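Structure assessment
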Amino acid sequence: ITDSAAASNVPEPELPTIFSLYPNPTSDVLMFESPMKGICTVKIYDMQGKLVLNQQTSTDGSGRGVVNVITLSDGYYNVYIQQEGREFKTPFLKR
């Protein structure tokens with residue numbers, strides 16, 4: 001389309017809500033893919049609801065980020081990743 005007026009009537013595509021976390025289970029690092037790019041806050045809670053990790057990290061140009069969990073004890077956790085006003089939550093197993 002070369003007509004700028006026609007092009008401006010095209011709605012902006014919505015961001016996908018797909019979020020992935022891998023490998024799961026893990027022993028040292030968690031990698032995640034977010035539909036957004038930039039700085040995010042990562043919070044990890046144990047199964048008793050205790051905050052065990054709280055850090056800021058950045059995603060790369062593809063929306064990928066890495067969190068080091070090697071210091072966590074083996075067990076189940078919930079990870080919350082907050083970015084641009086959105087929050088993603090998923091469980092993972094550290095072993």
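Scroll up for the structure.
Residues numbered from 1 in each chain as written. Predicted model: local features only at pLDDT ≥ 70, side-chain atom pairs only at ≥ 80, totals over all residues. Heavy atoms only, no water.

**Focus on the packing of aromatic side chains**
Counting across every chain of the model gives 4 aromatic pairs. Plain terms: the ring middles of Tyr77 and Phe92 are 5.5 Å apart, the flat faces sit at 20° to each other, and that makes the pair stacked. Here Tyr77 is found in strand 6 (residues 75–83), whereas its partner Phe92 is found in strand 7 (residues 86–94), with 15 residues between them in sequence. The rings of Phe19, Phe32 and Phe88 are connected pair by pair, giving a single aromatic cluster. (Phe/Tyr/Trp six-rings, centres within 6.5 Å; stacked < 30°, edge-to-face > 60°. Helix = DSSP H or I, 4+ residues; strand = E, 2+ residues; numbered from the N terminus.)

**Describing the pairing of strand 6**
In terms of residue burial, strand 6 counts as a mostly covered element, since 7 of its 9 residues are buried. The pairing of strand 3 (residues 39–46) with strand 6 spans 6 bridges and is antiparallel. Paired with Val42 across the bridge in strand 6 is Ile81. Both strand 6 and strand 7 contribute to a ladder of 9 bridges, which runs antiparallel. Bridge pairing in strand 7 links Gly75 to Lys94. If you look at the hairpin formed by strand 6 and strand 7, you'll find 2 residues sitting between the two strands, and Glu84 has a positive phi there, around 50°. (Buried < 20%, exposed > 50% of the residue type's maximum accessible area, 1.4 Å probe, protein only. Pairing = 2+ DSSP bridges.)

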